[in-house]
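Now for the letters of each chain:
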Amino acid sequence: MTKRRKVDLVVLSDIHLGTGGSHAVELLKYLKSIRPKTLILNGDIIDIWQFRKRYFPKSHLKVIKHLLGMASKRTTVYYITGNHDEMFRRFSGLKIGKLKIVNQLELDLDGNRSWFFHGDVFDVVMQYSKWLAKLGAIGYDTLIWLNTKVNWINRQFGFEPVSFSKKVKNSVKGAVKYINSFEDTAASLGARKGYKNIVCGHIHHPEIKELEFPQGNITYLNSGDWIENLTSLEYNDGEWKIFSFRDDFVEEDGFTPNEREQLVDFDPKELFQILLNEFQAEA
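If you're wondering where the values come from, they're calculated on a predicted model, not measured in any experiment.

Participant: Can you break down the packing of aromatic side chains residue by residue, with the values?
Facilitator: Counted by the stated rule, this structure contains eight aromatic pairs. Centre to centre, the rings of tyrosine 235 and tryptophan 240 are 4.9 Å apart; their planes meet at 55 degrees, and the pair counts as tilted. Grouped by ring-pair contacts, the aromatic residues Tyr30, Trp226, Phe243, Phe245 and Phe249 constitute a single cluster. Here arginine 113 stacks its cationic end above the ring of tyrosine 195, 4.3 Å away from the centre of that ring.

Participant: How would you summarise a positive patch on the surface if you had to cite specific residues and measurements?
Facilitator: A cluster of basic residues, Lys3, Lys6, Arg35, Lys73, Arg74 and Lys98, forms a positive patch on the protein surface. Within the secondary structure, arginine 35 sits in strand β2 (residues 34–42).

Participant: Tell me what's going on with the sheet that holds strand β9 (residues 207–213), and back it up with residues and numbers.
Facilitator: Overall, mixed pairing links the five strands, which are arranged β6-β7-β8-β10-β9 in an open sheet. Whereas interior strands pair on both sides, the edge strands pair on one side only; in this sheet they are β6 (105–109) and β9. Recorded for the sheet is a direction-independent mean angle of 25 degrees between the axes of neighbouring strands. As defined by bridge partners, strand β8 (residues 197–200) adjoins strand β10 (residues 216–222) across four bridges and the pair is classed as parallel. If you follow cysteine 200 over to β10, its bridge partner there is asparagine 222.

Participant: Describe the pairing of β2, with residues and values.
Facilitator: Of all nine residues in β2, seven are buried, a share of seventy percent or more. Relative to β2, strand β1 (residues 5–12) is paired through seven bridges, and the arrangement is parallel. Of the residues in β2, the one forming a bridge with valine 10 is leucine 39. Chirality of the crossover, the property in question, places the unit of β1, helix α1 (residues 24–31) and β2 among those that are right-handed. For β2 and strand β3 (residues 76–80), the ladder comprises five bridges, and the chain directions are parallel. Of the residues in β3, the one forming a bridge with leucine 41 is tyrosine 79.

Rules behind the numbers
Residues numbered from 1 in each chain as written. Predicted model: local features only at pLDDT ≥ 70, side-chain atom pairs only at ≥ 80, totals over all residues. Heavy atoms only, no water. Phe/Tyr/Trp six-rings, centres within 6.5 Å; stacked < 30°, edge-to-face > 60°. Lys NZ or Arg CZ within 6 Å of the ring centre and 35° of its normal. Patch = residues over 30% accessible without salt bridge, like charges linked within 9 Å, V, L, I, M, F, W, Y side chains within 5 Å. Areas by Shrake-Rupley, 256 points an atom, 1.4 Å probe, with all protein chains shown as cover. Salt bridge = Lys/Arg side-chain N within 4 Å of Asp/Glu carboxyl O. Lys, Arg positive; Asp, Glu negative; His and termini not counted. Charge placed at Lys NZ, Arg CZ, Asp CG, Glu CD. Helix = DSSP H or I, 4+ residues; strand = E, 2+ residues; numbered from the N terminus. Pairing = 2+ DSSP bridges. Axes fitted to C-alpha atoms, helices over the stretch in contact; angles between N-to-C directions. Buried < 20%, exposed > 50% of the residue type's maximum accessible area, 1.4 Å probe, protein only. Right-handed = clockwise from strand over helix to strand, strands pointing away.

Just distances and angles here, no functional claims.
Quick look at the structure:
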């Protein structure tokens, strides 16, 4: 068995299980390579918005089972709810073994107060035009689906993969302005509350940067996503870093993921019952 890498804390967000763009196979490889003391799932882990598509590959279910297995053993797991998995907000405070569902989280990391939350609270579209946000999510999911098909063709001819959504974000001034505004707003609020670190997801843009405010300096961190960037945040020995699956992961022999396209048919209530059943089986 391959020795797993020990990490003090890992933050994952925006996995969007249940959508065609989610890289569940790659995520499972990453999860099997680490042994974190604490795992924070910072929102949009399961995409409840897209469940009506009736798409849930077994590889996605394996990710859920593995996460529950981690929580039943030596890893403390916090599930912070996001906007795409907001159905779980009604279960905030629920604790099963080492798994706890919360809407936000505060931790002391080596004497530094750190605030974790998904970040959709800063999304004006989410607050005032939820139907527009859902429409945008459908458009984004369609773009990712098209991107997947194009990259499959690129691989056949030996071309490098491309990211349509990244190109859109980088070329549209409004998108760049939105990301900068999100980061500044989140960090400013964190600084006013006296935090040293603020850790978000939501905007699919991995980042670690120091920001200065009259109330003091603060480190803004974003874990990115597992749709485009395939990134996580890792905290170990007092240091933060962005882990990139594409750049940092070392392939090990013996892992042969399959069933990528085998579908499982669940509605949200059935899935939640499966989560409970899987956890009880692992415990």
